[in-house]
Each structure stands twice: as structure tokens, then as C-alpha cells.
Amino acid sequence: IFTSTPKGHNWVYGLWTRGQDPLQSTLYESWKYPTGINPYYPKEKIEHARKTLPELVFKQEYLGEFIEDIGAVFRNVEAHIKPLALAPQQGVQYVVGADLAKTEDYTVLFALTPNVEVHGYERFQQLDWVFQRQRIVSFCQRYNNARLLIDSTGLGDPIYDELRRMAISVDGYKFNNASKANLVENLSLMLDNNEISYPHIPELLSEFGTFGYEQGRTGTISYRAYEGYHDDTIIALALAAWQIKKPRGHWA
């Protein structure tokens, strides 16, 4: 049992998000409650704190809210949640982003509309490549033969080659520190500019909160999930979004 008040998106938030992930519900459960439900805590102290503390501090310390860090990579993530159906619609030209994994991480698929709404989402793990490949193909076909952009780095390279020989339109995206930065920063900018929307997907929201950056000695920025956490949904969504809108001068 871990009990704490929140403090931004630190390790406490990371643990809390595991309890919100349906795929980890057998190992973790999490809750948050405001101080006011405690019958032994004086109500006048809560009201005094409400009147004297900064609003964000009160929300964090007394309402149990995880306040987004100012330096977070992705901001205002809950503002983009809309009641969108995760189902294909006729006549829509979808694009799909896929991040691959086999054991520890997750393979994630996102389908986006031209106006950058999430209409399709799948997340799975521990499937043999043969079954993963067929599941990816079926997903793209279900979303009106969507164009696919897939992580073709390392283990993804033979999967990309096999998909090219099948009846779908597919391109590969090679990851290095610079190309990952381009992908992540593009998605972050789309969030800032209110250019993307998605339904309430707990694991996506969790990953937004446990994703950060480090600045090296030379000033180079590298983006990654906090140690022990995943970024598969972020990368898959970023790959899908990259096909719709990307900075000028980058790969098309």
C-alpha cells in the first residue's frame, strides 16, 4: 500500500496510473480522495487552506489532484478528450500508426481521421509476429484500407518488409534520437494547438503523464518514458498523427 498526496507527475503518479490501466488491474488498484471526506479533519482548516493557498497548491494538497508539471512534454491532455466512437465510418480515409513489441512492451495501433480524431485503437502483447502481422493487416483493412506508418527500426524491419508484400499501404519510420524528437514534438505541438482529439483511453492518459525528457551535456534533448513505464501508445499515436500533419522540410 502506497499513500501520499500528489506532487506533479512523479513516481507516485506513475504508481497511481498503473491502477488505472485495465491490463494491469490484476496487480494494481488505485484511488484518490479529497481531504474533505475525512470526518476527523476539521472543515474550517480546509476552508482556511482554500482561501489562503494558491489554487493549484490547494487542488494538489487537499483535493488529491495530479497537477501537470510546467515542464511536461504533453500539456492539457484531458482537454482533448471527446466522446468519440472507436469504430470505422464509411467514406473516411483513415491513417494508422503502429508501435511494435513482442514481450515486455505493447504493440499499439491507432486509426485517425483526416481531422485528427481517434476512431480506432488496439493494444496487445505477447503475440507471435505471425499473429501480430495479421492483426495489423486486419486493423488497417477494417479502417477502410488505411495507410500505415510503422516503426521499422530493429525488430520492426522484417515486419515492415513482410507487410509491404501484403495488401496494405505501408511506410516505415526509422527511429533515432533526432527522428523520435521530431515525432514527439510534432504531437506535443498538435496538443498545444488543439489539433487532435481522442476518447478517454486510460493507458494513453497514463503514458502522457509518465513521459519526460532529459537534456544531455551537449544540450541534446532525448524523450522517453520514465524508468519502468511504457510509451507505446504515445509513439503509435504520434506515428498516425505524423501522416496528417508534420513540420515542413521533414520526411513525407
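What counts, and at which threshold
Residues numbered from 1 in each chain as written. Predicted model: local features only at pLDDT ≥ 70, side-chain atom pairs only at ≥ 80, totals over all residues. Heavy atoms only, no water. Helix = DSSP H or I, 4+ residues; strand = E, 2+ residues; numbered from the N terminus. Buried < 20%, exposed > 50% of the residue type's maximum accessible area, 1.4 Å probe, protein only. Contact = heavy atoms within 4.5 Å. Patch = residues over 30% accessible without salt bridge, like charges linked within 9 Å, V, L, I, M, F, W, Y side chains within 5 Å. Areas by Shrake-Rupley, 256 points an atom, 1.4 Å probe, with all protein chains shown as cover. Salt bridge = Lys/Arg side-chain N within 4 Å of Asp/Glu carboxyl O. Axes fitted to C-alpha atoms, helices over the stretch in contact; angles between N-to-C directions. Parallel < 35°, antiparallel > 145°, perpendicular 65-115°, else oblique. Nonpolar A, V, L, I, M, F, W, Y, C, P; charged D, E, K, R; others polar. Phe/Tyr/Trp six-rings, centres within 6.5 Å; stacked < 30°, edge-to-face > 60°. Lys NZ or Arg CZ within 6 Å of the ring centre and 35° of its normal. Core = buried A, V, L, I, M, F, W, Y, C linked by side-chain atoms within 4.5 Å. Pairing = 2+ DSSP bridges.

## Concerning the environment of Q141
Phase 1 of the analysis: Inspection of the secondary structure puts Q141 in helix α4 (residues 129–142).
Phase 2 of the analysis: Judged by relative accessible area, which is 38%, Q141 ranks as partly exposed.
Phase 3 of the analysis: Setting aside residues up to four positions removed in sequence, Q141 forms contacts with A167 and I168.

## Re a nonpolar patch on the surface
Phase 1 of the analysis: Together, W31, Y33 and I37 make up an exposed nonpolar region whose accessible area comes to about 410 Å².
Phase 2 of the analysis: As for its placement among the helices and strands, Y33 is situated in the loop between α1 (11–18) and α2 (43–52).

## Observations regarding the packing of helix α6 (residues 177–192) against helix α8 (residues 232–244)
Phase 1 of the analysis: Put simply, α6 and α8 touch, their axes get as near as 9 Å, and they point 80° apart. Judged by the angle between their axes, α6 and α8 are roughly perpendicular. From α6, K180, N182, L183, N186, L187 and M190 reach across to α8, where they touch I234, I235, L237, A238, L239, A241 and W242.
Phase 2 of the analysis: Within the contact of α6 with α8, the residues separate by chemical class into ten nonpolar, two polar and one charged.

## As for the packing of aromatic side chains
Phase 1 of the analysis: Counting across every chain of the model gives 13 aromatic pairs.
Phase 2 of the analysis: Here F74 and F208 contribute two aromatic rings whose centre-to-centre distance is 4.9 Å and whose plane-to-plane angle is 55°, an arrangement assigned as tilted. Of the two residues, F74 is situated in the loop between α3 (55–62) and β1 (95–99) and F208 in helix α7 (residues 202–209); the sequence distance between them amounts to 134 residues. The pair formed by F74 and F208 is uniform in burial state, with each residue classed as buried.
Phase 3 of the analysis: What links up through ring pairs into an aromatic cluster is the set F74, Y198, F208, F211 and Y223.
Phase 4 of the analysis: For the cation-ring pair, R123 lies above Y106, with the distance from its terminal atom to the ring centre recorded as 3.8 Å.

## Concerning the nonpolar core
Considering soluble globular proteins, one finds that nonpolar side chains tend to be buried as a cluster.
Phase 1 of the analysis: One finds F74, F110, L187, F208 and L237 to be the most contacted residues of the largest nonpolar core, which totals 37 residues.
Phase 2 of the analysis: Elements that contribute at least two residues to this core include exactly β2 (107–112), β3 (118–124), α6, α7 and α8.
Phase 3 of the analysis: Ranked by the residues each element gives to this core, the list is headed by α8, at nine residues.
Phase 4 of the analysis: Ignoring any residue separated from it by four or fewer positions in sequence, one finds L187 in contact with F74, I196, F208, I234, L237, A238 and A241.
Phase 5 of the analysis: Counting 22 residues, the second largest nonpolar core, distinct from the first, contains L109, C140, L148 and V170.

## Side note on the pairing of β3
Phase 1 of the analysis: Of all seven residues in β3, seven are buried, a share of seventy percent or more.
Phase 2 of the analysis: Pairing analysis gives six bridges linking β2 to β3, with the strands arranged antiparallel. Considered in β3, the bridge of L112 is made with V118.
Phase 3 of the analysis: Hairpin connection from β2 to β3: five residues lie between these consecutive antiparallel strands, with V116 at a positive phi of about 60°.

## Some points on the sheet that holds β3
Phase 1 of the analysis: One open sheet accounts for five strands, arranged β3-β2-β1-β4-β5; its pairing is mixed. Here the strands that pair on one side only, and so sit at the sheet edges, are β3 and β5 (170–173). Across the sheet, the mean angle from the axis of one strand to that of its neighbour is 15°, orientation sign disregarded.
Phase 2 of the analysis: Of the pairings in the sheet, the one linking strand β4 (residues 147–151) to β5 comprises four bridges and is parallel in character. Note that in β5 the partner of L149 across the bridge is D171.

## Observations regarding the pattern of salt bridges
Phase 1 of the analysis: This structure, assessed with the given rule, holds seven salt bridges.
Phase 2 of the analysis: For the salt bridge of D21 with R123, the shortest nitrogen-to-oxygen distance reads 3.1 Å. In this pair, D21 sits in the loop between α1 and α2 while R123 sits in strand β3, placing the two residues 102 residues apart along the sequence.
Phase 3 of the analysis: Using a relative accessible area of 4% as the deciding quantity, one classes D21 as buried.
Phase 4 of the analysis: The salt bridge involving R50 is made with E47; its shortest N-O contact spans 3.3 Å. In this pair, R50 and E47 are both assigned in helix α2, three residues apart and thus about one turn of the helix distant.
Phase 5 of the analysis: With relative accessibility at 42%, the residue R50 sits in the partly exposed group.
Phase 6 of the analysis: Judged by its relative accessible area of 35%, E47 is partly exposed.
Phase 7 of the analysis: By sharing partners, the salt bridges in this structure join E122, R135 and R142 into a single network.

By themselves, these figures tell us nothing about what the structure is for.
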